[in-house]
Amino acid sequence: MQSGRGGLYLDVPSGTHEGSILIATPEIADPDRASLLLREPSSMLEDQLRFSAEWQLALRIAASKGLSKSEFLPRFLLYVCEQLLTGSAREMTEQHLGTQVFNRPPGYNPGEDNIVRSYARMLRKRLDEFFEGEGQNEPLRLHIPRGGYVPVFHTHQAIESYVVEASAASDVEPPAQIKNRLPAPIVISPPAPANPPTLRRTLLFSLLSLLIGAAVASGGWLAAHSIDAKKQHAVAHALWLQLFSNDRNTLIVPADSGLGILENLTGHLVTLDEYTNGTYLSEIKAPPGVGLENFNDLRQQRYTSVVDLNITSTLTQLPEFNPVRAEIRYARSITTEDLKHSNAILLGSTHSNPWVSLFEGRMNFVLQYTPAINQSFVVNRQPERSEQATYNNGDGTAANKTYGLVDYLPSLDGEGHVLIIQGLNMAATQAAADTLANETMMEPILQQARRPDGSLYPFELLVQTRSIGASAPESRIVGSRIHREEQHPG
């Protein structure tokens, strides 16, 4: 069973709700976007909230460059802000947002349709970009902490003074001290409804949500400051600096080892189309001798290998790792849209991480799989000098010889970077990761790939190792490509 062919388990109505009106708000400063239709607060909002600083900030963000071109992002932002400002934050479940913002039918399954989570991640990213650019002089800040959809408003001055004070300390404060010294969140008092007990419960829920959000957000700022301090005292690694940038999110995507096992059992190699639409989960039948319960477990549970877990752990320990902009996501939980707008580190090959297939058209070294276990190989599309056209598992006299690949390529939108660490089995994937961590082996490669401005050209490495179980006792680079001619998506 080749679970090592990849494999980490870790774990916004096109319209508006009834009563909403579409208007062109005069607060939009940019005349090029003045015609953008934004939602006016519903009848639930009194005038003091309709013209509140928080609502006006939400309108400006919705009209910003980062959101205005999207169909759903402005609606998502304005809806969650309206819910908070009217004391309805308790209604902001994933199910509720899916039906109210994204026209999903009542009773739809968020576990199978993750549109709310996907747009929430995108919205958080665009909010960060807004306050780093257009909104850097805004007196208020708006955040949506991870793990929920309730917005948090803070004054900019409170945040700045807190971060400056914290940075002057010699050591990072313990969590309890941090919590006690957080800048106070802005608490919104909505108009009094007819039912006072309901109002009290709503205000309590909103206040708790805001306090929790403040803790999460402030913790993130402290972590970012700590990472920046470490970078000043460490030798910058050009590859990791480009992958873990401050202006773009980074997804770490461990392999779906359960998928690899399913493919081995059935002899059917799942395509990316089958993977994204989920048909492989319903159409693949259990082979003879495999119990249906165990087979369904493979289809439903999320498994990865210890190799991928170790690689992910190592990545999070890098000095360049930015916890504020990085996220670990399981392969079944991402979309093409996610990969278009983020940097990504993909672990595993197409056998256990089908997203890798989006980038194979730009690779010279490509892993090829057959239904037979251990009968996979590497295709060298354009051999150079003494290189082989194919590299097979157990080739020649070394029965345990195997191969891994390191691919550093442009992202789907051409604005970011993708790193793929893959191998014909777990030992090969581990060898590829070990090569990346070996400064002696990587220094000549990175020197060749370095652009005049210090950034890196795309490159590929073919790594040979010996497979002893899931371990790779030694490895060496037997092929490389530096793509000095820019590669474009597509």
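Look up: the structure comes first, before these words.
Every chain begins its residue count from 1, and numbering advances along the sequence as written. Given that this is a predicted model, residues contribute local features only at a pLDDT of at least 70 and side-chain atom pairs are listed and counted only at 80 or more, while totals for whole chains, interfaces and linings are drawn from all residues. For side-chain calculations, the full set of non-hydrogen atoms in the structure is used, while hydrogens and water are omitted.

(A) Representation of the sheet that holds strand β9 (residues 377–380) in the model. One open sheet accounts for three strands, arranged β8-β9-β10; its pairing is antiparallel. The sheet is open, and its two edges are formed by β8 (365–368) and β10 (390–392), each paired on a single side. This sheet shows a mean twist of 20° between the axes of neighbouring strands, independent of strand direction. DSSP-based pairing: two strands are paired if at least 2 bridges between them are found. Going along the chain from the N terminus, every DSSP run of H or I of four or more residues is numbered as a helix, and every run of E of two or more is numbered as a strand. As judged from the three bridges shared by β9 and β10, these two strands associate in the antiparallel manner. Of the residues in β10, the one forming a bridge with F377 is N392. Angles shown run from 0 to 180 degrees and are taken between the N-to-C directions of axes, each axis being a line fitted to C-alpha atoms and, for helices, limited to the stretch in contact.

(B) Representation of helix α15 (residues 306–316). Throughout, exposure labels follow a simple rule: accessible area from a 1.4 Å probe, protein chains only, divided by the maximum for the residue type, with under 20% read as buried, over 50% as exposed, and the rest as partly exposed. Within α15 the residues assigned to the buried category are V307, D308, I311, T312 and L315. Along α15, the residues classed as buried sweep out an arc of 130° about the axis, all on the same side. Residue contacts follow a heavy-atom distance rule, with two residues in contact if any of their heavy atoms lie within 4.5 Å. Next to the buried residues of α15 lie α10 (238–243), β5 (250–253), β6 (326–328), β7 (343–347), β12 (417–423) and α17 (426–437). Taking the helix axis as origin, the arc is that swept by the directions to the C-beta atoms.

(C) Summary view of unusual backbone geometry. Backbone geometry at N103 places phi at a positive 60°, although glycine is not the residue there. Among the structural elements, N103 can be located in the loop between α5 (94–101) and α6 (115–132). Notably, R385 is not glycine yet its phi reads approximately 45°, a positive angle. Positionally, R385 belongs in the loop between β9 and β10.

(D) The packing of aromatic side chains, seen in detail. Aromatic pairs are defined between Phe, Tyr and Trp rings, using the six-membered ring for Trp, whenever the two ring centres lie within 6.5 Å; interplanar angles under 30 degrees are classed as stacked, those over 60 as edge-to-face, and all others as tilted. For the structure shown, the criterion picks out ten aromatic pairs. Ring geometry for F72 versus F102: centroids 5.1 Å apart, planes at 50°, classification tilted. Taken together, the residues F72 in the loop between α3 (65–68) and α4 (73–85) and F102 in the loop between α5 and α6 connect sequence positions 30 residues apart. Like F72, the residue F102 is buried in the burial classification. A ring pair is formed by F76 and F102, whose centres lie 5.6 Å apart and whose planes are at 75°; its orientation type is edge-to-face. Here F102 lies in the loop between α5 and α6 and F76 lies in helix α4, a separation of 26 residues in the sequence. A residue is classified by how much of its surface remains accessible, and F76, at 1% relative accessible area, is buried. Clustering of aromatic rings is evident, with ring pairs tying together F72, F76, F102, Y119 and Y149.

(E) View of the side chain of E460. Here E460 shows up in strand β13 (residues 459–466). Just so you know, the count uses Lys and Arg for positive and Asp and Glu for negative, and it drops His and the chain ends. When a carboxyl oxygen of Asp or Glu is within 4 Å of a side-chain nitrogen of Lys or Arg, the pair counts as a salt bridge. Summary of buried charges: E460 has no salt-bridge partner, and the nearest side chain of opposite charge, R481, is 6.4 Å away. N or O atoms closer than or at 3.5 Å make up a polar contact, with two conditions inside protein: a donor-capable atom paired with an acceptor-capable one, and, for residues adjacent in sequence, both atoms drawn from side chains. At a separation of 3.0 Å, a polar atom in the side chain of E460 contacts the main-chain amide nitrogen of F365. Here H483 takes part through its side chain, which lies 2.7 Å from a polar atom of the side chain of E460. Contact partners of E460, with chain neighbours within four places excluded, come to R362, M363, N364, F365, V406, D407, G479, S480, R481 and H483.

(F) Spotlight on the environment of H96. Positionally, H96 belongs in helix α5. A relative accessible area of 18% places H96 in the buried class. Remark: the alpha-carbon pair of H96 and V116, spanning 20 residues in sequence, is separated by 9.7 Å. The residues touching H96, leaving out its near neighbours within four places in the chain, are Y79, Q83 and E91.

(G) Spatial organisation of the nonpolar core. Take the buried residues of types Ala, Val, Leu, Ile, Met, Phe, Trp, Tyr and Cys, join any two whose side-chain atoms come within 4.5 Å, and each joined set is a nonpolar core. Counting residues in each nonpolar core, the largest one holds 38 residues, and the members touching the most others are I61, F76, L77, L97 and L142. Elements with a contribution of two residues or more to this core: α2 (53–62), α4, α5, α6 and β3 (140–143). Apart from the residues lying within four places of it in its own chain, the contact partners of L142 are L57, I61, L77, C81, L127, F131, P151, V152 and F153. Counting residues in hydrophobic clusters, the runner-up holds 33 residues, among them L243, V307, A326 and V406.

(H) Region of the structure containing the sheet that holds β5. With mixed pairing, the seven strands of this open sheet are ordered in space as β6-β5-β7-β12-β11-β13-β14. The strands lining the two open edges of the sheet, one partner per strand, are β6 and β14 (475–482). Adjacent strand axes in the sheet meet at a mean angle of 10° when their direction is disregarded. Here seven bridges tie β13 to β14, and the two strands are oriented antiparallel to one another.

(I) Quick peek at the packing of α2 against α4. Two numbers describe how α2 lies on α4: the axes approach to 9 Å, and their chain directions differ by 175°. Taken as axis vectors, α2 and α4 run roughly antiparallel relative to one another. Here E54, W55, A58, L59, I61 and A62 of α2 lie close against α4, whose contacting residues are P74, L77, L78, C81, E82 and L85. In what follows, roughly perpendicular refers to angles from 65 to 115 degrees, roughly parallel to angles under 35, roughly antiparallel to angles over 145, and oblique to any angle outside these ranges.

(J) Geometry of the pattern of salt bridges. Summed over the entire model, instances satisfying the criterion amount to twelve salt bridges. One salt bridge connects R104 with D113, and the closest N-O pair in it is separated by 2.5 Å. On the basis of relative accessible area, D113 is assigned to the partly exposed category, the value being 22%. In this structure, R121 and D338 form a salt bridge, with 3.8 Å as the shortest nitrogen-oxygen distance. Remark: D338 occurs in helix α16 (residues 336–340) and R121 occurs in helix α6; sequence separation between them is 217 residues. Each member of the pair, R121 together with D338, is buried. Residues joined in a network through salt bridges with shared partners are E384, R385, E387 and R481.

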